[in-house]
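Here is what each chain is made of, one letter per residue.
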Amino acid sequence: MQKMASSRGQQVFRVGDMEKMSLEQLKAVKEQADIDVNLLQDSLNNIRTATGRLEIASTALHDLSFRPQGKKMLVPLTASLYVPGTLDDTDKVLVDVGTGYFVEKTMAEGKDYCERKINLLKSNFDQLIEVASKKKTLADEAGVILQAKLKQLSSSK
């Protein structure tokens, strides 16, 4: 069974190679490709969610920059619980940098942080789309070859 190694350390199968595989090998290739596609879809959904949250945060920072100091507002404690508060400093924000760590930044630095993260996530999203597409094609090709072999096997009996 010949395999062509890709730049990411994954194995890419040629159609000619898959046609030479046994039924068990083809089933394994298809199952693994299907699992990979599902995992990639989950990752894509997570990236979409994270990008959406960052875009909301970026918009909130933009809106907040126009509010005067001393402005009364509601502060979210959870997604559905708010408490009254007063805007103390319009130029300082706390940025969640992950795993419970917050960094104080200026408003401009906070906006820049959000934009850089959004751009990184969009780049990762585009790369994952490409990989998922290749895996889906592999799964489809393996499925077609598997069906053809099964049909050939059943007609020869």
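Before any of the text, the structure's been laid out above.
Structure report, in brief. (Residues numbered from 1 in each chain as written. Predicted model: local features only at pLDDT ≥ 70, side-chain atom pairs only at ≥ 80, totals over all residues. Heavy atoms only, no water.)

1. A short note on the overall build of the protein chain
Working step 1: Within the protein chain, the regular secondary structure consists of three helices and six strands.
Working step 2: Ordered by position in the sequence, the α and β elements of the protein chain form the string β-β-α-α-β-β-β-β-α.
Working step 3: The C-alpha radius of gyration of the protein chain comes to 25 Å, more than 25% above the 15 Å expected for a compact globule of 157 residues.
Working step 4: The dimensions of the protein chain, computed from C-alpha atoms along their principal axes, are 85 × 30 × 25 Å. (Helix = DSSP H or I, 4+ residues; strand = E, 2+ residues; numbered from the N terminus. Rg over C-alpha atoms; globule rule 2.2 N^0.38 Å.)

2. Thoughts on the pattern of salt bridges
Side chains bearing opposite charge may pair, as long as their charged atoms lie close to each other.
Working step 1: Tallied over the entire structure, the rule returns six salt bridges.
Working step 2: The shortest N-O distance in the salt bridge between D34 and K30 comes to 3.1 Å. Of this pair, D34 and K30 both sit in helix α2 (residues 23-64), four residues apart, roughly one helical turn.
Working step 3: On the basis of relative accessible area, K30 is assigned to the partly exposed category, the value being 24%.
Working step 4: For K135, the salt bridge is made with D36, and the minimal N-O distance between the two is 3.0 Å. Of this pair, K135 sits in helix α3 (residues 107-155) while D36 sits in helix α2, placing them 99 residues apart in sequence. (Salt bridge = Lys/Arg side-chain N within 4 Å of Asp/Glu carboxyl O. Buried < 20%, exposed > 50% of the residue type's maximum accessible area, 1.4 Å probe, protein only.)

3. Some words on the nonpolar core
Working step 1: If you look at the biggest cluster of nonpolar residues, it comprises 15 residues, and the most contacted ones within it are L54, L61 and V93.
Working step 2: Going through the elements one at a time, α2, β5 (92-98) and α3 are the ones with two or more residues in this core.
Working step 3: Sort the elements by how many residues they give to this core and α3 lands first, with eight residues.
Working step 4: Ignoring sequence-local partners within four residues, the contact set of L54 consists of C114, K117, I118 and L121.
Working step 5: Counting residues in hydrophobic clusters, the runner-up holds 10 residues, among them V29, A33, A142 and I145. (Core = buried A, V, L, I, M, F, W, Y, C linked by side-chain atoms within 4.5 Å. Contact = heavy atoms within 4.5 Å.)

4. Focus on α2
Working step 1: Given a rise of 1.5 Å per residue, 42 residues ought to cover 62 Å, and the 61 Å separating the end C-alpha atoms of α2 matches this to within 8%.
Working step 2: Those residues of α2 lying buried are L26, V29, A33, D36, V37, L40, L44, I47, T51, L54, S58 and L61. (Expected span 1.5 Å × (residues − 1).)

5. So, the pairing of strand β3 (residues 72-76)
Working step 1: As paired elements, β3 and strand β4 (residues 82-86) share five bridges and run antiparallel to each other. Among the inter-strand pairings, L74 is bridged to a residue of β4, identified as P84.
Working step 2: Remark: five residues form the turn of the hairpin made by β3 and β4, two consecutive strands paired antiparallel. (Pairing = 2+ DSSP bridges.)

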